[in-house]
Amino acid sequence: MYANWNPFGELDLLRQGIDDLFANIWPTGYGRRSVFLPGRSARGYPLLNIAADDDEVIVNAFAPGLDPKSLEVSVERNVLTIAGEKKPLPGVKPEQYHRNERATGKFIRKLQLDLEVDEEKVQAHYENGILTIVLPKSEVALPRKIDILVK
Amino acid sequence: MAENTVNSGNVPARSEQTLTPATRERSRFLSPAVDIYEEAEGLVVVADVPGLTRDDLDINVEDKVLTLHGKMAAKSEASLISEEFELVDYFRQFTLSDRVDTSKISATLDQGVLTLKLPKVEHAKPKRIEIKTR
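Residues numbered from 1 in each chain as written. Chains lettered and ligands numbered in written order. Predicted model: local features only at pLDDT ≥ 70, side-chain atom pairs only at ≥ 80, totals over all residues. Heavy atoms only, no water.

(A) Geometry of the overall build of chain A. Secondary structure assignment for chain A yields 1 helix and 8 strands. Going from N to C terminus, chain A has its helices and strands arranged as α-β-β-β-β-β-β-β-β. For chain A, with 151 residues in total, the buried portion stands at 38%. The contacts in chain A between residues at least 6 apart in sequence include a share of 58% that link residues at least 24 apart. (Helix = DSSP H or I, 4+ residues; strand = E, 2+ residues; numbered from the N terminus. Buried < 20%, exposed > 50% of the residue type's maximum accessible area, 1.4 Å probe, protein only. Contact = heavy atoms within 4.5 Å.)

If you want it as structure tokens, here you go:
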């Protein structure tokens, strides 16, 4: 239903398959899984969870610690674009780091929606590090019942 | 500061059968990405834990082991059609050095970013020695 072109999709699938295999062998979570590495992995950032019901599409983007002002969300021709910047920790010099897993940088992610959304009514809010975007389906996309005339 | 993975400790990595995970729960969890940096005052641990509120977080220190456990309260919508981020609990442990004053650890949470301040014990802080001249 939703196409999000990813040249590493096949690799990702393979990796997922291997991860699943290992998860089954060591069900308690052997092999740590880590996320939120913008720019360091082939996966898109932010990670998105997408849900849809009859009236709207809800997109949750997991992007903690952003300045909401730096976030840009736009919808154009049914392409949802999320852009922003994860800033480095202020005033910390590189040599002070013992461990630096939370990568920083600018990101942009586009999501092609396969249905018409009402661009005027799209809403977004940012809470607890999750950006939630609610995209109401446009009138044209809603299912319409067709009455059958009996003669 | 060393990190504990579930199979670390004294158990050799090969003997998976006998490993006792630090968490005895059989549930899956996610290891949050962290930054750790050092200041004159102590260490600062910054962890990404989106979706958590302060009530969901449980941070404790026991036997020099710092444990972060975040219960993911948010549930995914029933009509999910694509899930890249699994809503499971967060869990990660770190072994602290003796130089951390465990009684003075403080934590703040802002927009899914947890910041832990681990102050050094008094005698571990850098001290400037004044040179007296006569």
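(B) Molecular detail of the sheet that holds strand β3 (residues 72–76) of chain A. All names here are of chain A. Taken in spatial order, the 3 strands make up an open sheet running β3-β4-β6, and their pairing is antiparallel. Each edge of the open sheet carries a strand with a single partner, namely β3 and β6 (105–112). For this sheet, the mean inter-axis angle between neighbouring strands, taken without regard to orientation, is 15°. Both strand β4 (residues 79–86) and β6 contribute to a ladder of 8 bridges, which runs antiparallel. Paired with isoleucine 82 across the strands is arginine 109, a residue of β6. (Pairing = 2+ DSSP bridges. Axes fitted to C-alpha atoms, helices over the stretch in contact; angles between N-to-C directions.)

(C) Local environment of the confidence of the model for chain B. Residues and elements named next belong to chain B. Put simply, chain B has an average pLDDT of 80, and 80% of its residues get 70 or more. The low-confidence segment residues 5–21, where pLDDT is below 50, has 16 contacts with residues more than four positions distant or belonging to other chains. Across the whole predicted complex the pTM is 0.70, and at the interface the ipTM reaches 0.71. (pLDDT = per-residue confidence, 0-100.)

(D) Structural detail: the sheet that holds strand β10 (residues 113–119) of chain B. If you walk across this open sheet you meet the 5 strands as β5(A)-β3(B)-β4(B)-β10(B)-β9(B), and the pairing is antiparallel. On the outer flanks of this sheet lie β5 (97–100) of chain A together with β9 (106–110) of chain B, each paired with one strand and no other. Neighbour to neighbour, the strand axes of the sheet diverge by 15° on average, direction disregarded. Relative to strand β4 (residues 42–48) of chain B, strand β3 (residues 34–38) of chain B runs antiparallel, the two being bridged by 5 bridges.

(E) Expanded view of the pairing of β4 of chain A. Residues and elements named next belong to chain A. When you tally the buried positions in β4, you get 7 out of 8 residues, the bulk of the element. The pairing of β3 with β4 spans 5 bridges and is antiparallel. Within β4, the position partnered with glutamate 72 by the bridge is alanine 83. In this antiparallel pair of consecutive strands, β3 and β4, the connection spans 2 residues, and arginine 77 shows a positive phi of 45°.

(F) View of the nonpolar core. With 25 residues, the main nonpolar core has Phe85, Tyr90, Leu114 and Leu118 of chain B as its most contacted residues. Mapped by element, the contributors of at least two residues to this core are β3, β4, β6 (65–70), β8 (89–95) and β10 of chain B. Formed by 22 residues, the second largest nonpolar core is a distinct cluster that contains Val57, Ala63, Tyr126 and Leu131 of chain A. (Core = buried A, V, L, I, M, F, W, Y, C linked by side-chain atoms within 4.5 Å.)

(G) Broad picture of the side chain of threonine 67 of chain B. Residues and elements named next belong to chain B. With respect to the element layout, threonine 67 can be found in strand β6. Judged by its relative accessible area of 11%, threonine 67 falls in the buried class. In terms of polar contacts, threonine 67 uses its side chain to reach the side chain of glutamine 93, at 3.0 Å. Once you skip the residues sitting within four places of it in the chain, threonine 67 turns out to touch Asp58, Ile59, Asn60, Phe91, Arg92 and Gln93. (Polar contact = N/O pair within 3.5 Å; in protein donor to acceptor, adjacent residues only side chain to side chain.)

(H) Highlighting unusual backbone geometry. Phi at asparagine 128 of chain A takes a positive value of approximately 50°, unusual for a residue other than glycine. Along the chain, asparagine 128 of chain A turns up in the loop between β7 (123–127) and β8 (130–136). On the basis of relative accessibility, which here comes to 24%, the residue asparagine 128 of chain A falls in the partly exposed class. Residue aspartate 63 of chain B is not a glycine yet carries a positive backbone phi of 50°. Given the relative accessible area of 72%, aspartate 63 of chain B is considered exposed.

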